[in-house]
Amino acid sequence: MKVSSTCKSSKVALLSLLVFFGFAVTTPVKEAASATPAAKTKAKTEAAAPAQEKGTAVAPKLDPTDPNSVIYLDTSGKPAGIGDPNKPPSMAFQAGRGWHPQALSAAGLPRDRYGLIDWAKIVREKLVSPKFSLNPQDEEMPPLQMNVLIAAKGDFVDDVIYPHEMHTYWLKCEVCHPGIFVPAAGQNNMSMTGIVQGNWCGRCHGKVAFPLTDCKRCHSSPKKAASKAK
Amino acid sequence: MAKRYFIALFFVLAVPAVSFGVQAEIKLDDKIASMHKAGVGPVIFPHAKHEKVYKCNDCHPKIFSEKRTENNISMKFNMEGKYCGSANCHNSPKAFALFECARCHTGVPGAKK
């Protein structure tokens, strides 16, 4: 009697185990099965889009007579005009000729790994070389060759090397000093949370300059303390 | 007799609980001193949110060890493409970017908690 009862109880336990393992195993599989097709199609469309972009970047088929050509699209992707310079200007022209991302991608400009156009690289490789001033009498001022090491506040994040060179290529000193940054090393109590909210570097980066997506683009100088701690 | 049912009940309740790995939220605060220097609070990782989109073996054990103490997560590693910043994760166009401090860290202006 005793033997049979323990036998029975172990059977019950085994059965319940089997049932609930089955339950536990099948539900995630079902969820996964329903999740994967969507993910696959998404991946496919994502894979298809860059391929298309690349295709246009390598061999841009810009037909000036075609009003649907990317160079005639406005910022919303609609045809901005009819492609005929003799006809009256389009709405986009009147709105100040908004630049259109698709035309930029067709121009094959260098991009970083996040798909963002790398304007600094464009300048360094002299793909564009804007004049210093519209006034021919203005004397050209060479960019300031001065890198500033800004220590990251956290112990584990690499320090920032701030290049004056690229910034003074585009801007004059008064744009940043002393309004945004006090011109003295260590006197600006910068923080990443503040920058994200649009203070300090965030006054431009994320708005008119490259966004904060690529941390390593600024946080590039390894921290010695952190490397020791590893 | 009652004992038998109790044992059965134990398996009914305990086995699914273990196999589902019910992990609603995990608090990550082993680098709290450094976090405070940077002006942010600990991270609350919403496991349930990630479970909805990914299978366990998408992240475990390749990206994150299942043992909490074995993951030396830091922003430096995230930036370098490890842990949260792995390919197709928060250092790629597929998920929100690493600079959005307030979406993971608590105690940041703009954070939910």
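Please read all numbers here as calculations on a predicted model, not as lab measurements.

Undergrad: It is not clear to me how the overall build of chain B should be interpreted in this structure. Could you clarify?
TA: A tally of helices and strands in chain B yields five helices and two strands. Overall, chain B shows an N-to-C arrangement of helices and strands of α-β-α-β-α-α-α. In chain B, of all internal contacts separated by at least 6 residues, the share reaching a separation of at least 24 is 32%. By element, 63% of the accessible surface of chain B is carried by carbon and sulfur atoms, the whole surface being about 7400 Å².

Undergrad: Mind showing me how you'd approach the overall build of chain A here?
TA: Per the secondary structure count, chain A includes eight helices and three strands. Moving toward the C terminus, one meets the helices and strands of chain A in the order α-α-α-α-β-β-α-α-α-β-α. Scored against the burial criterion, the 230 residues of chain A give a buried share of 22%. Nonlocal contacts in chain A, meaning residues at least 24 apart in sequence, comprise 42% of its contacts between residues at least 6 apart. When the accessible surface of chain A is summed, it comes to about 16600 Å², and 63% of that surface belongs to carbon and sulfur atoms.

Undergrad: Please clarify how a nonpolar patch on the surface should be interpreted in this entry.
TA: Judged by side-chain polarity, L127, V128, Y169, W170, L171 and V175 of chain A come together as a nonpolar surface patch covering roughly 500 Å² of accessible area. Structurally, the position occupied by V128 of chain A is in the loop between α4 (119–124) and β1 (147–150).

Undergrad: I keep staring at the confidence of the model for chain A and nothing clicks. Help me out?
TA: Low-confidence regions, as indicated by low pLDDT, have predicted coordinates that should not be scrutinised in detail. All names here are of chain A. The share of residues in chain A with pLDDT of 70 or more is 51%, and the mean pLDDT across the chain is 70. No element of chain A has a lower mean pLDDT than helix α1 (residues 2–58), at 44, and none a higher one than strand β2 (residues 159–163), at 94. Residue range residues 17–60 is modelled with pLDDT below 50. Its contacts to residues more than four positions away, or to other chains, number 21 contacts. The low-confidence segment residues 226–230, where pLDDT is below 50, has four contacts with residues more than four positions distant or belonging to other chains.

Undergrad: What should I look at first to understand the sheet that holds strand β3 (residues 219–221) of chain A in this one?
TA: Sheet strands associate in pairs through backbone hydrogen bonding, adopting either a parallel or an antiparallel arrangement. All names here are of chain A. Read from one edge to the other, the open sheet built from three strands follows the order β1-β2-β3, with strand pairing classed as antiparallel. The open sheet has two edge strands, β1 and β3, and neither has a second partner. Mean inter-strand twist for the sheet, computed between neighbouring axes without regard to direction, equals 55°. Bridging between β1 and β2 involves four bridges; their strand directions are antiparallel.

Undergrad: Please explain the side chain of H219 of chain A as it appears in this structure.
TA: For H219 of chain A, the position within the fold is in strand β3. The residues touching H219 of chain A, leaving out its near neighbours within four places in the chain, are A152, V157, D158, D159, V160 and M192 of chain A together with M79 of chain B.

Undergrad: Would you mind showing me how to read the confidence of the model for chain B here?
TA: All names here are of chain B. Across chain B, the average pLDDT comes to 82, with 78% of residues at 70 or higher. Element-level pLDDT for chain B is lowest in helix α1 (residues 2–20), with a mean of 56, against a maximum mean of 93 in strand β2 (residues 43–46). Here residues 15–19 is a poorly scored stretch, pLDDT under 50, and it has eight contacts once near neighbours within four places are set aside; other chains count. Complex prediction metrics read pTM 0.62 and ipTM 0.75.

Reading the values: rules and limits
Residues numbered from 1 in each chain as written. Chains lettered and ligands numbered in written order. Predicted model: local features only at pLDDT ≥ 70, side-chain atom pairs only at ≥ 80, totals over all residues. Heavy atoms only, no water. Helix = DSSP H or I, 4+ residues; strand = E, 2+ residues; numbered from the N terminus. Contact = heavy atoms within 4.5 Å. Areas by Shrake-Rupley, 256 points an atom, 1.4 Å probe, with all protein chains shown as cover. Buried < 20%, exposed > 50% of the residue type's maximum accessible area, 1.4 Å probe, protein only. Patch = residues over 30% accessible without salt bridge, like charges linked within 9 Å, V, L, I, M, F, W, Y side chains within 5 Å. Salt bridge = Lys/Arg side-chain N within 4 Å of Asp/Glu carboxyl O. pLDDT = per-residue confidence, 0-100. Pairing = 2+ DSSP bridges. Axes fitted to C-alpha atoms, helices over the stretch in contact; angles between N-to-C directions.

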